[in-house]
Amino acid sequence: MLKPLCSSKGRRSKFTGMSLTTAETHAVPLSDGNRIPLLGLGTYSDPRTTAKGTALECVKHAIDIGYRHIDGALVYFNEHEVGQAIREKIADGTVKREDIFYCGKLWSTCHPPELVRPTLETTLKTLKLDYVDLYIVELPMAFKALEACKDAGLVKSLGVSNFNRRQLELLLNKPGLKHKPVSNQIECHPYFTQPKLLEYCRQKDIVVVGYSPIGTSRDPSWVNLKCPPLLEDEVLVSVGRKYGKSSAQVALRFNVQRGVVVIPKSFSPQRIHHNAQVRFEHVPKTQSVIRMINWIK
């Protein structure tokens, strides 16, 4: 069994420059005093193709083996199962509520200020929880209303998603800003390393959360199919052989070592366990080689 992937005490890491815990329990601090586990479980699903109860069982399994960060959304249509899984693991003594870090999202059609709190309250009602640990928005028009939700105790930390540097600058310089965004959830993996945005976020003490950390869907309408699937990339496969790891583990470790929070989605118990096995370190040369994939492609 894995040890929990978050902790309240940390040490310095020469690779990320951020406060980390032991090799078994990585987490990073947020600028508002809270902490976010570096490894989370993504729960996106298509209700048309995902069997009922899948999210419930997989989230319970993830918590049992040490995951403490769960990334979800009302629009995934499975928050009721995710909430049930969390509550059952609290009830059986595996975790306490404060051990779990749950991130929810405001759907794009709900950004008018008057819809923000009702939508968040719907998520809480669906989860049957009193608060979420992080709630993220994709448009700045919703942020002031989200600040009021934090003041009301409905959410502990506020974040954004898919914000570029200019959008972050506009929000951070907004007159009357009361609560600074602590995170920016963006696509981030060896084919899309986002170095400039990552550096800007570091300068502003904003933690980057990388979605699709082991690659995106191979939908030909928006993916260049001439590029090999990320997990088949010859560089990642070669590095994996060196460490005795899979290309998925190499890709995850690449971001973790840069201090990027990763939230790989999986509903396979075996892969959920596999994705957590990132307790090894790329030497600086290896990190540089993986970074170069972004430019080669």
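Residues numbered from 1 in each chain as written. Predicted model: local features only at pLDDT ≥ 70, side-chain atom pairs only at ≥ 80, totals over all residues. Heavy atoms only, no water.

Chemist: How do you make sense of the sheet that holds strand E5 (residues 41–42) when you look at a structure like this?
Modeler: Backbone hydrogen bonds are what pair the strands of a sheet, in a parallel or an antiparallel way. Across the sheet, which stays open at both edges, the eight strands sit in the order E5-E6-E7-E8-E9-E10-E11-E12 with parallel pairing between neighbours. Each of the sheet's edge strands pairs with one partner strand only, and the pair in question is E5 and strand E12 (261–262). Strand direction decides the pairing type here: strand E7 (residues 101–105) and strand E8 (residues 132–137), joined by three bridges, are parallel. Residue pairing in the sheet places Cys 103 in a bridge with Leu 134 of E8. (Pairing = 2+ DSSP bridges. Helix = DSSP H or I, 4+ residues; strand = E, 2+ residues; numbered from the N terminus.)

Chemist: In this structure, what is going on with the pairing of strand E9 (residues 155–161)? I would like to understand it.
Modeler: Put simply, side chains in a regular strand alternate between the two faces of the sheet. E9 sits mainly inside the fold: six of its seven residues count as buried. Summarising the sheet, E8 and E9 pair through five bridges and their orientation is parallel. Each bridged residue has a counterpart across the sheet, and for Val 137 the counterpart in E9 is Val 160. The β-α-β motif built from E8, the intervening helix H4 (residues 143–151) and the parallel element E9 has right-handed crossover chirality. Strand direction decides the pairing type here: E9 and strand E10 (residues 183–187), joined by three bridges, are parallel. Each bridged residue has a counterpart across the sheet, and for Ser 161 the counterpart in E10 is Gln 185. For the segment spanning E9, helix H5 (residues 165–172) and E10, crossover handedness is right-handed. (Buried < 20%, exposed > 50% of the residue type's maximum accessible area, 1.4 Å probe, protein only. Right-handed = clockwise from strand over helix to strand, strands pointing away.)

Chemist: Honestly, the packing of aromatic side chains in this entry has me stumped. Any pointers?
Modeler: A ring pair, where both rings are aromatic, is described by two values, the distance of the centres and the angle of the planes. One pass over the full model with this rule turns up two aromatic pairs. Where Tyr 243 meets Phe 280, the ring centres are 5.3 Å apart and the plane angle is 45 degrees; that geometry is what we call tilted. Of this pair, Tyr 243 sits in helix H7 (residues 234–243) while Phe 280 is found in the loop between helix H9 (269–275) and helix H10 (284–296), placing the two residues 37 residues apart along the sequence. If you follow Arg 97 out to its NZ or CZ, it ends over the ring of Tyr 131, 4.1 Å from the centre. (Phe/Tyr/Trp six-rings, centres within 6.5 Å; stacked < 30°, edge-to-face > 60°. Lys NZ or Arg CZ within 6 Å of the ring centre and 35° of its normal.)

Chemist: Could you clarify how one ought to interpret helix H1 (residues 54–64) in this entry?
Modeler: Given 3.6 residues per helical turn, the α-helix brings residues three or four places apart onto the same face. Summarising burial for H1: eight of the 11 residues are buried, a large majority. Those residues of H1 hidden inside the fold are in contact with E5, strand E6 (69–71), helix H2 (79–91) and H9. In the segment just after H1, Gly 66 is the residue with positive phi, at about 125 degrees. (Contact = heavy atoms within 4.5 Å.)

Everything listed here is a matter of coordinates, which is why it stays silent on function.
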